[in-house]
Amino acid sequence: MDSELSDFVSPSQSSPSTSTTPSGSQNKNTSGSENNATVLLTKPRLQELVREVDPNEQLDEDVEDCLLQIADEFVENVINGSCLLAKHRIQNGQPNRENKVEVKDVQLYLERTYNIWIPGFGTEELRPYKRTTITEAHKQRQALIRKALKKY
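All of these numbers come straight from a predicted model, not from anything done at the bench. (Residues numbered from 1 in each chain as written. Predicted model: local features only at pLDDT ≥ 70, side-chain atom pairs only at ≥ 80, totals over all residues. Heavy atoms only, no water.)

1. Describing the pattern of salt bridges
Now for step 1: With the rule as written, the count across this model stands at 7 salt bridges.
Now for step 2: Glutamate 102 serves as the salt-bridge partner of arginine 89, at 3.7 Å between the closest nitrogen and oxygen. Residue arginine 89 is located in helix α3 (residues 61-91), and its partner glutamate 102 is located in the loop between α3 and α4 (103-114); the two are separated by 13 residues in the primary sequence.
Now for step 3: Between arginine 89 and aspartate 105 there is a salt bridge, with the nearest N and O atoms lying 2.7 Å from each other. (Salt bridge = Lys/Arg side-chain N within 4 Å of Asp/Glu carboxyl O. Helix = DSSP H or I, 4+ residues; strand = E, 2+ residues; numbered from the N terminus.)

2. Side note on the environment of tyrosine 109
Now for step 1: Within the fold, tyrosine 109 resides in helix α4.
Now for step 2: When its relative accessible area of 15% is taken as the criterion, tyrosine 109 is described as buried.
Now for step 3: Separated by 28 residues in the primary sequence, tyrosine 109 and glycine 81 place their C-alpha atoms 6.3 Å from one another.
Now for step 4: Ignoring sequence-local partners within four residues, the contact set of tyrosine 109 consists of Asn77, Val78, Gly81, Ser82, Leu85 and Tyr114. (Buried < 20%, exposed > 50% of the residue type's maximum accessible area, 1.4 Å probe, protein only. Contact = heavy atoms within 4.5 Å.)

3. Points about the packing of helix α2 (residues 43-53) against α3
Now for step 1: Packing of α2 against α3 brings their axes to within 11 Å, and their N-to-C directions diverge by 100 degrees. It follows that α2 is roughly perpendicular to α3 by the angle criterion. Touching Lys43, Leu46 and Gln47 of α2 are Glu61, Glu64, Asp65, Leu67 and Leu68, all from α3.
Now for step 2: Per-class residue counts for the contact of α2 with α3 are 3 nonpolar, 1 polar and 4 charged. (Axes fitted to C-alpha atoms, helices over the stretch in contact; angles between N-to-C directions. Parallel < 35°, antiparallel > 145°, perpendicular 65-115°, else oblique. Nonpolar A, V, L, I, M, F, W, Y, C, P; charged D, E, K, R; others polar.)

4. Re the side chain of serine 82
Now for step 1: Structurally, serine 82 can be placed in helix α3.
Now for step 2: Excluding its chain neighbours within four sequence positions, the residues that come into contact with serine 82 are Val101, Asp105, Val106 and Tyr109.

Pasting the structure below:
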């Protein structure tokens, strides 16, 4: 079982000179800055996503690196926050729960931290559309704008 756990040790928990890959072989890391973390978004995939939005757009290499770093940090933050929520849920009044992150932990973290809701996962509840309240001052400003636009 220890060999199974060592296969999934994060790079920060392994020694800087060697790293263990999921296949069990060890790689020498001479630079110290490389890690064997799973790459979620590659440069070719990022370029493909950009082409889907705008076929004529080209990103500088620095911009690509920055976007890849932001994506990695986002995923890492979501995973860490979801794990903390799962740990809190398990420790506080939810007996007979397994030690694993559930979809509702990820949903709660995304919703509370980034105001992101992904429909179709977890709960089947319908989320009501929250309409913002319009103040009287805003209505008056809108009326003035409409009046000014009618003059032209």
